[in-house]
Amino acid sequence: MRAIRLSATGGPEVLDLVDLPDPEPGPGQILVRQSAIGVNYIDTYHRSGLYPLRLPSGLGMEGAGDVVAAGEGVERFAPGDRVAFASGPIGAYADLHLVDAGRAVRIPEGVDERTAAAALLKGMTAEFLLLRCRPVQPGEPVLIHAAAGGVGQIMVQWARALGAEVIATAGSPAKADRARALGAHHVILYGEQDVAAEVRRITGGAGVAAAYDSVGASTFEGTLGSLARRGTFVSFGNASGPPPAVEPGRLMRLGSLFFTRPTLGDYTATTAELDASAAAVFGRIAAGEISIEIGQTFPLSQTRAAHEALEARQTVGSTLLIP
């Protein structure tokens, strides 16, 4: 099989396409022949060394396809089942991938495999952020950064469906138009406008009840300055670099704020949590409340180009590798 491997951390140039023997599933594992592979920002953190890997390593956490073999003790799936996954073991950038059976989910009828690969990790991220980490309440204003990105697009639609007043940010006029089309009530161009000042203007000086920030360093101050009294800062990404440390006394002085840095793994730690989160995502898609935009696809052989586009903020919606 073909697979992407890296023996050193760095830029996209460290990613190499190699030929490896086809793997065989061990106890509790399934072997998935992939038809689509999700590309996510966390993959760039692994590649760069921000989130360390034991090298040499594969890359990628998300994909979808058909089960071709099941290991000893697997009762959850059988060969021929359509499945998707969004968590380890890392190495999904490949034709075939071994997945722990308890970390995969069945793709429901009516959802194609490309949509599943584009939606699962990003959709479950949106689910836990909006429903469990800091639950959105009807009528309250919330700030969602990078609204034209893969996670951002889903969050805008989901927050709107929950009844929130959605204030989104985007990096260009075209992306701002996309955020509005998805349901954002207000859009701020964070590279050109003062985010905190715009949020205060929109909310009549009150600020937002919750802010969801996947950008990191470059938006940190604007996000902090956008929060209402007792507001919550949910930091869940580092697209522009890691945000600075938070001094607890500053949270007090700015209005008894809350700050959290969650990760999907802690909200899908059990198979039951994984199934419930995935079901919520697929349910919203089936109900027509969330549409999944696959903005760009790349052959597996062009993985470097996919990473270059993602980090240059040249992508819209979800990005897929096609084996």
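Above this text sits the structure in question.
Parameters and conventions
- Residues numbered from 1 in each chain as written.
- Predicted model: local features only at pLDDT ≥ 70, side-chain atom pairs only at ≥ 80, totals over all residues.
- Heavy atoms only, no water.
- Helix = DSSP H or I, 4+ residues; strand = E, 2+ residues; numbered from the N terminus.
- Rg over C-alpha atoms; globule rule 2.2 N^0.38 Å.
- Buried < 20%, exposed > 50% of the residue type's maximum accessible area, 1.4 Å probe, protein only.
- Areas by Shrake-Rupley, 256 points an atom, 1.4 Å probe, with all protein chains shown as cover.
- Axes fitted to C-alpha atoms, helices over the stretch in contact; angles between N-to-C directions.
- Parallel < 35°, antiparallel > 145°, perpendicular 65-115°, else oblique.
- Contact = heavy atoms within 4.5 Å.
- Nonpolar A, V, L, I, M, F, W, Y, C, P; charged D, E, K, R; others polar.
- Pairing = 2+ DSSP bridges.
- Phe/Tyr/Trp six-rings, centres within 6.5 Å; stacked < 30°, edge-to-face > 60°.
- Polar contact = N/O pair within 3.5 Å; in protein donor to acceptor, adjacent residues only side chain to side chain.
- Core = buried A, V, L, I, M, F, W, Y, C linked by side-chain atoms within 4.5 Å.

Undergrad: Can you help me understand the overall build of the protein chain in this one?
TA: Scanning the protein chain for helices and strands turns up 9 helices and 15 strands. At 20 Å, the protein chain has a C-alpha radius of gyration in line with the 20 Å of a compact globule built from 323 residues. Expressed as lengths along the three principal axes of its C-alpha atoms, the size of the protein chain is roughly 60 × 40 × 35 Å. Taking all 323 residues of the protein chain together, 54% fall into the buried category. Surface exposure of the protein chain reaches about 13000 Å², of which carbon and sulfur atoms provide 51%.

Undergrad: Where do I start with the packing of helix 2 (residues 113-133) against helix 8 (residues 271-286) in this structure?
TA: The relative placement of two packed helices is expressed as an angle between their axes plus a distance between the axes. With their axes 9 Å apart at the nearest point, helix 2 and helix 8 run at an angle of 105 degrees to one another. In terms of orientation, helix 2 lies roughly perpendicular with respect to helix 8. Two secondary-structure elements touch here, helix 2 through Ala116, Ala119, Leu120, Gly123, Met124, Glu127 and Arg132 and helix 8 through Leu274, Ser277, Ala278, Ala280, Val281, Phe282 and Ile285. Broken down by class, the residue content of the contact of helix 2 with helix 8 amounts to 10 nonpolar, 2 polar and 2 charged.

Undergrad: Looking at this structure, I do not really get the sheet that holds strand 10 (residues 186-189). What am I missing?
TA: Within a sheet, each strand pairs with its neighbour through backbone hydrogen bonds, oriented either parallel or antiparallel. Taken in spatial order, the 6 strands make up an open sheet running 10-9-8-11-12-13, and their pairing is parallel. One side of each edge strand has no neighbouring strand; the edge strands of this open sheet are strand 10 and strand 13 (258-260). Each adjacent strand pair in this sheet contributes to an overall mean axis angle of 15 degrees, direction not counted. Bridging between strand 8 (residues 141-144) and strand 11 (residues 208-213) involves 3 bridges; their strand directions are parallel. From the neighbouring strand, Ile144 faces strand 11, where its bridge partner is Tyr212. Strand contacts of helix 5 (residues 195-202): strand 8, strand 9 (165-170), strand 10, strand 11 and strand 12 (227-235), with the helix running at about 160 degrees to strand 10, the strand carrying the most contacts.

Undergrad: For this particular structure, what's the right way to read the packing of aromatic side chains?
TA: Each pair of aromatic rings is reported with the distance of its centres and the angle of its planes. Enumeration according to the criterion identifies 5 aromatic pairs in this entry. Taking 6.0 Å as the distance between ring centres and 45 degrees as the angle between the ring planes, the aromatic pair formed by Tyr41 and Tyr45 counts as tilted. Here Tyr45 and Tyr41 lie together in helix 1 (residues 41-48), a separation of 4 residues that amounts to about one turn. A relative accessible area of 23% means that Tyr41 is categorised as partly exposed. On the basis of relative accessible area, Tyr45 is assigned to the buried category, the value being 7%. Ring centres of Phe128 and Tyr267 lie 4.4 Å apart, and the angle between their planes is 20 degrees; this geometry places the pair in the stacked category. Taken together, the residues span a long stretch of sequence, with Phe128 in helix 2 and Tyr267 in the loop between strand 13 and helix 8 at a distance of 139 residues. Judged by relative accessible area, Phe128 falls into the buried class, the value being 1%.

Undergrad: Any chance you could explain the side chain of His145 here in plain terms?
TA: By secondary structure assignment, the location of His145 is in the loop between strand 8 and helix 3 (150-161). Judged by its relative accessible area of 2%, His145 falls in the buried class. A polar side-chain atom of His145 sits 2.9 Å from a polar atom in the side chain of Thr169. Other than its neighbours up to four places away in sequence, His145 contacts Gly152, Thr169, Val195, Tyr212, Asp213, Ser214, Val215, Thr219 and Thr223.

Undergrad: I'm lost on the nonpolar core in this one. Help?
TA: Considering soluble globular proteins, one finds that nonpolar side chains tend to be buried as a cluster. Met155 and Tyr212 are the most contacted members of the largest nonpolar core, which has 54 residues in total. With 12 residues, the top contributor of residues to this core is helix 2. Among all residues touching Tyr212, those that are not within four sequence positions of it are Leu129, Leu130, Arg134, Val136, Val142, Leu143, Ile144, His145, Met155, Val234 and Phe236. Ile30, Ile37, Phe85 and Leu310 belong to the second-largest nonpolar core, a separate cluster that totals 26 residues.

Undergrad: Would you explain the environment of Asp16 in this entry?
TA: Note on placement: Asp16 falls in strand 2 (residues 16-19). Classification of Asp16 by relative accessible area gives partly exposed; the value is 35%. Sequence-wise, Asp16 and Leu6 are 10 residues apart; in three dimensions their C-alpha atoms are separated by 6.3 Å. If we ignore the near neighbours within four places in the chain, the residues touching Asp16 are Ala3, Ile4, Arg5 and Arg304. Here Arg304 takes part through its side chain, which lies 2.9 Å from a polar atom of the side chain of Asp16.

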